[in-house]
Amino acid sequence: MMRPLHRLHMVKAIVGLLFLAGTIYEQFPAPWIAHQLPASARSRLVDGFIDSQAPIRCDHPNGESAVRAILTRLDPQLGPKVDVISIREGGIFALALPANKIFMAHDTTSQLDADALAGVLAHELAHLRRDDPTAAMVRYIGNLGIFSALLSGPERRSIYERFSGEEEKLADEDAIAMMKRAHVRIAPVAAFVEQMRMSKLQGTYL
């Protein structure tokens with residue numbers, strides 16, 4: 001029979017090993033952690049937030065059809081699969097979310113011309129192609145924090161993301177390439193995309 005002192009030492013050793021394992025796990029790169037999450041987990045990270053937006057979500061099919069047409073023009077494979085969530089709020093913004101979703105304000109579609117809107121969407125599509133949004137969420141809340149987020153599931157009513165400078169740089173490059181292939185003018189959107197990039201580098205809160 002194990003003596004109480006031995007049991008105490010064993011418990012302390014187990015706790016120490018768990019702490020060490022957690023410390024090591026926190027050092028893994030966010031993109032690697034994001035890559036391990038199945039599609040169902042990625043949806044679980046955002047479903048609660050999206051459900052909370054239902055009262056102000058746009059329900060005009062024409063607006064979504066226009067966005068869908070631009071997305072498909074930019075990327076015939078991924079574009080038709082993207083879930084567009086547009087809300088009736090002021091401001092111009094679009095944000096790529098985990099599980100192939102783009103969250104945007106109605107003003108983004110109503111106040112930007114077609115080329116500028118295409119540029120904004122191309123930038124977010126580029127993030128989706130690399131699954132940057134999931135990595136951005138892991139980077140913000142931590143490798144261990146992502147498990148808490150998954151456990152919260154539908155109870156989560158907010159989303160935090162932090163894109164890296166490298167992710168933004170690659171998204172810009174990919175977006176320009178998409179726009180060129182789709183014969184979209186780059187000049188109208190260049191300044192706006194840069195403004196969005198700087199905002200995301202500072203951290204995004206929804």
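Reference entry: report on the structure contained in this document.

Analysis parameters
Residues numbered from 1 in each chain as written. Predicted model: local features only at pLDDT ≥ 70, side-chain atom pairs only at ≥ 80, totals over all residues. Heavy atoms only, no water. Salt bridge = Lys/Arg side-chain N within 4 Å of Asp/Glu carboxyl O. Helix = DSSP H or I, 4+ residues; strand = E, 2+ residues; numbered from the N terminus. Buried < 20%, exposed > 50% of the residue type's maximum accessible area, 1.4 Å probe, protein only. Pairing = 2+ DSSP bridges. Core = buried A, V, L, I, M, F, W, Y, C linked by side-chain atoms within 4.5 Å. Axes fitted to C-alpha atoms, helices over the stretch in contact; angles between N-to-C directions. Contact = heavy atoms within 4.5 Å.

### A few points about the pattern of salt bridges
Then comes step 1: Considering all chains together, one arrives at 10 salt bridges under this definition.
Then comes step 2: One salt bridge in this structure joins K101 and D83, with 3.3 Å as the shortest N-O distance. Of this pair, K101 sits in strand β3 (residues 101-105) while D83 sits in strand β1 (residues 83-87), and the two are 18 residues apart along the sequence.
Then comes step 3: You can call K101 buried: its relative accessible area is 11%.
Then comes step 4: Given the relative accessible area of 24%, D83 is considered partly exposed.
Then comes step 5: Taking the shortest distance from any N to any O, the salt bridge between E173 and K169 comes out at 2.8 Å. Of this pair, E173 and K169 both sit in helix α9 (residues 165-181), four residues apart, which is roughly one turn of the helix.
Then comes step 6: According to the relative accessible area criterion, E173 is partly exposed, its value standing at 41%.
Then comes step 7: For K169, a relative accessible area of 43% translates into the label partly exposed.

### Focus on helix α7 (residues 132-141)
Then comes step 1: Buried residues dominate α7, accounting for seven of its 10 residues.
Then comes step 2: Listed in full, the buried residues belonging to α7 are D132, P133, T134, A135, A136, M137 and V138.
Then comes step 3: Positive phi appears at G142, one or two residues downstream of α7, with a value of about 95 degrees.

### A few points about the pairing of strand β2 (residues 94-97)
Remember that side chains alternate between the two faces of the sheet whenever the strand is regular.
Then comes step 1: Residues A94 and A96 line one face of β2 and the alternating positions L95 and L97 line the opposite face, and both faces are buried.
Then comes step 2: Sheet topology note: the β2/β3 ladder contains four bridges and is antiparallel. The residue of β3 that forms the bridge with A96 is I102.
Then comes step 3: Where β2 hands over to β3, the hairpin turn is made up of three residues, of which A99 adopts a positive phi near 70 degrees.

### Quick notes on the nonpolar core
Then comes step 1: With 28 residues, the main nonpolar core has L71, L74, V82, I102, M104, L121 and L125 as its most contacted residues.
Then comes step 2: Residue assignment for this core shows that the elements contributing at least two residues are α4 (61-74), β2, β3, α6 (114-129) and α9.
Then comes step 3: Among the elements that take part in this core, α6 stands out by supplying nine residues, more than any other.
Then comes step 4: Counting 23 residues, the second-largest nonpolar core is a separate cluster that includes A34, L97, I146 and I159.

### Structural notes on the sheet that holds β2
Strand pairing in a sheet relies on backbone hydrogen bonds, with the paired strands running either antiparallel or parallel.
Then comes step 1: The strand order across the open sheet built from three strands is β1-β3-β2, with neighbouring strands paired in mixed fashion. Edge strands, defined here as strands with exactly one partner in the open sheet, are β1 and β2. Between one strand axis and the next, the sheet turns by 20 degrees as a mean value, whatever way the strands run.
Then comes step 2: In the packing of α6 onto the sheet, contacts are made with β2 and β3, and the angle to β2 comes to roughly 20 degrees.

Treat this as a map of the structure, not an account of what it does.
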